[in-house]
Amino acid sequence: MDYSQFLAMKQEISLLVLFLLVFLNDTFLPARAQSSIGKITCLLFGLFTLWGFCPVVVGDSVVSAFAGMYETSPVIVAIKNILNVGVLIVLIQSLKWTSSEHQVIRRGEFYELLLVTLFGMYLMISGRHFLVFIIGLESASLPLAAMVAFNKRRYESHEAAAKYILTAVFSSAILLMGLSFVYGLTGTLYFHHIAEGIATAASANIVLLVIAIAFVMSGMGFKLSLVPFHLWTADVYQGAPTSVTSYLSVISKGSAAFAFLVILWHVFGQVYADAWEWMLYALIILTITIGNLFAIRQKNLKRFLAFSSISQAGYIMLGIVGNNPMGEAALMYYILVYIFSNLAAFGVIGAIENNCGKVSMDDYNGLYKTNPRLAVTMMLAMFSLAGIPPFAGFFSKFFIFTSAINQGSVAIYVLVLIALINTIISLYYYLLVVKAMFIKDEDEFTVAPFRSAFSERLGMWICVAGILALGIVSCFYDSLLNVVGIG
C-alpha cells in the first residue's frame, strides 16, 4: 500500500489532528485549564477554516486515492470549506451554552462529537465507492444522536435522540437495500463502474433499476428531511439543544444535499429521464408544499424552523433537477446562503433561550422594544429565508430557479411555477415572526431587556454580514461558477 495516498486527504487528516488536540486537552489537562477549551477549539477551527482556502489545499485538478474509492477536487474542497464556515459559526454561538452550569462538565464531548460528525460528512462528499460513502454516513449520523441527547436533564432531549437514532437506523437499512439491488444489477459499488453498467442494466431490467433508485432516494430522503420521510424532523429539532439543532439544520443537511447530487448525477445520471426524474419532481413538490403548509401552524420557533428547513430542502433539490454544472454551483451557493440565514435565526433563538428559556413565537411579541438588535437580526434572517430582495436569500432562489429552467422541458417550467407559488406562501409565515416582534404590542413583555454574551453577538454579526454581503457582492457566486468550470 502506498501511504502517500493519504496526502490527498489533506482536510480529513487535518481535521483528525484537530480532533486529537481537543481530545487530549479535554482528557489530560487539569480542570482549571479546561475552562478555555471552547475558545481554543474555536480558534483552532478558525485557523483550519482559513487554511482550507489556501491554494495548496484547493488545487486545480481532480485527485483520486485508494483505487478510486476517494476523490478530491476544487469543487469538493469548496463545499467542505462552505461547511467549515457554518461549523465555525455554530462553535462560536455554542460557547455560552457549553459553559452553562449543566453542560460545562461535558463540553469537551460536544466538540469532539461535532468534529467526528464533520469527518463523516467529509467522507460522504469525497467517497466514490459506496462502502466509503456508508462509513462516512454512519460516522456523521451516530454521533449526532449523542449530541441530540446532550441535555441529560430534559426528557424531550432523550425522546428526540430515540426518534433520531431509530430513523437513522431504518433509513440506513432502506439505503443499503437499494444498494444491494444496484450491486446485483452491476456487480460493483464504484460510482463510475456503476454508471458504466447502468445502461446495460437499464435495458435488461428497468423495473429493478427503478426500485433500486427509489430505495436509494428514500434512504437519502430521510437524511435530508424530504417529504414523506420528514416526520422525525420537528420533534428532533424541538427536543435537541438549540446549538445541536442549528448544526443539524444546516451542516448535516448541506453535506447530505451535495452527496445526494453526486450520487444521482455520477451514478444514475445516464437514466435521469427514464428512471428518477419523475421521482425527484414528486419529492420536490411534496417537500416544498407540505413544509410550507405545516410551518404556518407552528408556534414553537424551533418546530417552525424545522418545517422551514424541510421546505428549504425542496428548493435545494432544484439544483439537482438542472443536471448541469450551473445547478451544482447554484446548489452550493444556496447552501452557503442558507447557512448564514438559518444560523442567524438560531443565534437569536439560542441567545433568548439561554437567557430566559423562551422559544414560543408569542414570547417574541414586542421584542423590538426590549431587544431591538436581536429583533433586527431575526428580521434579516426571515427576509433572507423568504427570498426578499436585496438579501442573499433572493439571489440563492433566483440562481436555483435559473439552473432548473435551463433544462428547458415543460415539466420543469411547471415545477418551478409551483415552487414560486410556494415562495409566496412562505412569505406569510416568515412575516408572522416579523409581525410579532415589530407590530404586536404587550403591556408586559415576555422577554425582558438583556445583553447577550459576546460569543453569541459575534456569531450573529458574522451571519448578518454574510446575509448582506452575499446579497450585494456577486463575486461569491462567480467564484463558484469558476470552480465548477463554467466561468
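Before reading further, recall that the structure is shown in the block above.
A quick note: this is a predicted structure, and the numbers were derived from the prediction, not measured.

Caption draft 1: Focus on the environment of serine 180. Following the sequence through the fold, serine 180 ends up in helix α9 (residues 155-186). Serine 180 sits 36 residues away from valine 216 along the chain, and the two C-alpha atoms are 10.0 Å apart. Reaching out from serine 180, the side chain makes a polar contact with the backbone oxygen of methionine 177 at a distance of 2.5 Å.

Caption draft 2: Representation of the packing of helix α7 (residues 107-126) against helix α8 (residues 130-148) in the model. It is the contact of α7 with α8, at a shortest axis distance of 7 Å, that shows an interaxial angle of 155 degrees. What the angle tells us is that α7 and α8 run roughly antiparallel. You can see that α7 and α8 cross each other, and the crossing is left-handed. Note on element contacts: α8 touches α7 through Val132, Phe133, Ile135, Gly136, Leu137, Ser139, Ala140, Pro143, Leu144, Ala146 and Met147, opposite Phe110, Leu113, Leu114, Val116, Thr117, Gly120, Met121, Leu123 and Met124.

Caption draft 3: Layout of the side chain of glutamine 298. Tracing the backbone shows glutamine 298 in the loop between α14 (272-296) and α15 (301-321). Of the polar contacts made by the side chain of glutamine 298, one reaches the side chain of arginine 303; its length is 3.3 Å. Those residues in contact with glutamine 298, other than ones at most four positions away along the chain, are Arg303, Phe304, Phe307 and Met361.

Caption draft 4: Quick peek at the packing of helix α5 (residues 74-93) against helix α21 (residues 454-472). Two numbers describe how α5 lies on α21: the axes approach to 7 Å, and their chain directions differ by 150 degrees. The angle between α5 and α21 places the two elements in the roughly antiparallel class. Contacts between α5 and α21 pair Ile89, Ile92 and Gln93 from the former with Ser455, Glu456, Leu458, Gly459, Met460, Ile462 and Cys463 from the latter. Taken together, the residues that form the contact of α5 with α21 break down as 6 nonpolar, 3 polar and 1 charged.

Caption draft 5: A look at the packing of aromatic side chains. Tallying each qualifying case throughout the model produces 24 aromatic pairs. Taking 6.1 Å as the distance between ring centres and 90 degrees as the angle between the ring planes, the aromatic pair formed by phenylalanine 304 and tyrosine 430 counts as edge-to-face. Here tyrosine 430 lies in helix α20 (residues 410-438) and phenylalanine 304 lies in helix α15, a separation of 126 residues in the sequence. Residue phenylalanine 304 shares its accessibility class with tyrosine 430, and that shared class is buried. An aromatic cluster of at least three residues, connected via ring pairs, comprises Trp97, Phe110, Tyr111 and Phe150. The ring of tyrosine 122 has lysine 80 lying over it, and the distance from NZ or CZ to the ring centre is 5.1 Å. Positioned above the aromatic ring of tyrosine 315, the side-chain terminus of lysine 397 is 4.8 Å from the ring centre.

Caption draft 6: Broad picture of the pattern of salt bridges. On inspection of all chains with the given rule, the structure shows 5 salt bridges. Between aspartate 235 and lysine 163 there is a salt bridge; the shortest N-O distance is 2.9 Å. Highlighted residues: aspartate 235 in helix α12 (residues 233-239) and lysine 163 in helix α9, separated in sequence by 72 residues. With its nearest N and O atoms 2.9 Å apart, the salt bridge here joins aspartate 235 to arginine 303. On the criterion of sequence distance, the pair formed by aspartate 235 in helix α12 and arginine 303 in helix α15 is long-range, its members being 68 residues apart. If you follow the salt bridges from partner to partner, you end up with Glu159, Lys163, Asp235 and Arg303 in one network.

Cut-offs applied
Residues numbered from 1 in each chain as written. Predicted model: local features only at pLDDT ≥ 70, side-chain atom pairs only at ≥ 80, totals over all residues. Heavy atoms only, no water. Helix = DSSP H or I, 4+ residues; strand = E, 2+ residues; numbered from the N terminus. Polar contact = N/O pair within 3.5 Å; in protein donor to acceptor, adjacent residues only side chain to side chain. Axes fitted to C-alpha atoms, helices over the stretch in contact; angles between N-to-C directions. Parallel < 35°, antiparallel > 145°, perpendicular 65-115°, else oblique. Left-handed = near helix turned anticlockwise from the far one by under 90°. Contact = heavy atoms within 4.5 Å. Nonpolar A, V, L, I, M, F, W, Y, C, P; charged D, E, K, R; others polar. Phe/Tyr/Trp six-rings, centres within 6.5 Å; stacked < 30°, edge-to-face > 60°. Buried < 20%, exposed > 50% of the residue type's maximum accessible area, 1.4 Å probe, protein only. Lys NZ or Arg CZ within 6 Å of the ring centre and 35° of its normal. Salt bridge = Lys/Arg side-chain N within 4 Å of Asp/Glu carboxyl O.

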